[in-house]
Amino acid sequence: YLALANYVLHDRFAELGLERPLLTLAEECSGLPSLCVPPAAGGLGFDYRLGVGYPPLWVSVVEGSAPGEWPLRHIVAELCKRRRGEPTVAYAECHDQSLVGAQTLAFRLIGTDMYEHMSQLSTTTPRVEFGIAALKIVRVLTSALGGEGYLNFMGNEFG
C-alpha cells in the first residue's frame with residue numbers, strides 16, 4: 001500500500017491537483033531497507049526517512065553524562081550512522097516526549113531553575129547558562145550531522 005500511495009503521489013500529482021515539489025517522509029524505526037528506493041526498483045518510494053533514533057540519543061547523553069563530559073565520538077558516530085543514498089531528516093526532540101509525560105531536553109538540562117532564573121528581571125544561574133548553550137549545541141550537531149534536512153516540532157524551538 002505504501003509503495004502504491006507514493007507512486008500515486010509522485011507520478012500522478014497533477015491529476016490530484018497537487019503541485020510539485022511533493023515530498024513524503026517515513027517515520028519508521030525498524031531500519032526497513034528500500035524505504036527511500038523508488039517503487040519501480042522494488043522500494044516504497046519515500047523521499048526521506050525520519051531519524052527517529054536521534055531524540056533518544058540526546059536523552060541518553062543528557063541523562064547519562066555529567067555536564068561538559070558528553071561522549072562526542074559516540075554522538076558523532078550515531079548522528080552519522082545511516083544508509084548511503086537514503087535521505088534522512090534529523091530532529092533533536094519530538095512531540096512524543098511530551099505525549100508520554102517525559103521531559104523536554106531543556107527541562108532535563110535546566111530543571112526548575114527555568115521557572116525563576118530565565119527572566120531578564122532575575123539573575124541567571126550556571127545551570128541555566130549551561131542548559132541554553134547545550135541546547136544550541138544539540139541543535140547544531142543534529143542539523144549538521146544528522147541528515148539532509150532538519151525538523152523542529154512547534155513548541156520545542158527552545159527546548
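Refer to the preceding data block for the structure.
Let me sum up the structure you'll find in this document. Remember, predicted model here, so these are calculated numbers, not experimental data.

1. Concerning the side chain of His10
So, step 1. Mapping His10 onto the fold places it in helix H1 (residues 2-11).
So, step 2. On the basis of relative accessible area, His10 is assigned to the buried category, the value being 12%.
So, step 3. At 2.8 Å, the side chain of His10 and the backbone oxygen of Asn6 are in polar contact.
So, step 4. Looking at His10, its side chain comes within polar contact range of the side chain of Asp47, at 2.6 Å.
So, step 5. Not counting the four nearest positions on each side in its chain, His10 is found in contact with Arg20, Leu22, Thr24, Gly45 and Asp47.

2. Focus on the packing of helix H3 (residues 72-80) against helix H7 (residues 126-145)
So, step 1. One way to put it is that H3 packs onto H7 with a least axis distance of 9 Å and a crossing angle of 40°. With respect to H7, the axis of H3 lies oblique. Both H3 and H7 take part in a crossing whose hand is right-handed. The residues of H7 that touch H3, namely those facing Ile75, Val76, Leu79 and Cys80, are Leu141, Thr142 and Leu145.
So, step 2. For the contact of H3 with H7, a count of residues per class yields six nonpolar, one polar and no charged.

3. A closer look at the sheet that holds strand E3 (residues 88-90)
So, step 1. Read across the open sheet, the four strands follow the order E1-E2-E3-E4; overall the sheet is parallel. Unpaired on one side and paired on the other, strand E1 (25-26) and strand E4 (149-150) mark the two borders of the sheet.
So, step 2. Where E3 lies against E4, two bridges are found, and the strand directions are parallel. Each residue of the ladder has a partner; that of Val89, found in E4, is Gly149.

4. Topic: the state of the cysteines
So, step 1. Under the counting rule described, the total for this entry stands at zero disulfides.
So, step 2. We note that Cys29 lacks a disulfide partner, and the nearest cysteine sulfur, in Cys94, lies 11 Å from it.

5. Examining the nonpolar core
So, step 1. In terms of nonpolar packing, the biggest core is built from 19 residues, with Trp58, Trp70, Leu105 and Leu109 touching the most fellow members.
So, step 2. Going through the elements one at a time, helix H2 (54-64), H3, helix H5 (105-110) and H7 are the ones with two or more residues in this core.
So, step 3. Ranked by residues supplied to this core, first place goes to H2 with six residues.
So, step 4. Leave out the neighbours within four places in its chain, and Leu105 touches Trp58, Val59, Val62, Ala92, Glu93, Leu135 and Val138.

6. Re H7
So, step 1. Under the 1.5 Å per step criterion, the end-to-end length of H7 is 28 Å for 20 residues, consistent within 8% with the ideal 28 Å.
So, step 2. Listing the buried residues of H7 in full gives Val128, Gly131, Ala134, Leu135, Val138, Arg139 and Thr142. On an axial view of H7, the arc spanned by its buried residues comes to 135°, and they lie on one face. Exposed residues lying more than 90 degrees from the buried face of H7 are Pro126, Lys136, Val140 and Ala144.
So, step 3. Those residues of H7 that are buried lie in contact with H2, H3, E3, H5, helix H6 (113-116) and E4.
So, step 4. Gly147 sits one or two residues past H7 and shows a positive phi near 155°.

7. Comments concerning the packing of aromatic side chains
The geometry of an aromatic ring pair is captured by two quantities: the separation of the ring centres and the angle between the planes.
So, step 1. Tallied over the full model, the rule gives three aromatic pairs.
So, step 2. Through a chain of ring-to-ring contacts, the aromatic side chains of Trp58, Trp70 and Phe130 assemble into a single cluster.

About the criteria used
- Residues numbered from 1 in each chain as written.
- Predicted model: local features only at pLDDT ≥ 70, side-chain atom pairs only at ≥ 80, totals over all residues.
- Heavy atoms only, no water.
- Helix = DSSP H or I, 4+ residues; strand = E, 2+ residues; numbered from the N terminus.
- Buried < 20%, exposed > 50% of the residue type's maximum accessible area, 1.4 Å probe, protein only.
- Polar contact = N/O pair within 3.5 Å; in protein donor to acceptor, adjacent residues only side chain to side chain.
- Contact = heavy atoms within 4.5 Å.
- Axes fitted to C-alpha atoms, helices over the stretch in contact; angles between N-to-C directions.
- Parallel < 35°, antiparallel > 145°, perpendicular 65-115°, else oblique.
- Left-handed = near helix turned anticlockwise from the far one by under 90°.
- Nonpolar A, V, L, I, M, F, W, Y, C, P; charged D, E, K, R; others polar.
- Pairing = 2+ DSSP bridges.
- Disulfide = S-S within 2.5 Å.
- Core = buried A, V, L, I, M, F, W, Y, C linked by side-chain atoms within 4.5 Å.
- Expected span 1.5 Å × (residues − 1).
- Arc of directions from axis to C-beta.
- Phe/Tyr/Trp six-rings, centres within 6.5 Å; stacked < 30°, edge-to-face > 60°.

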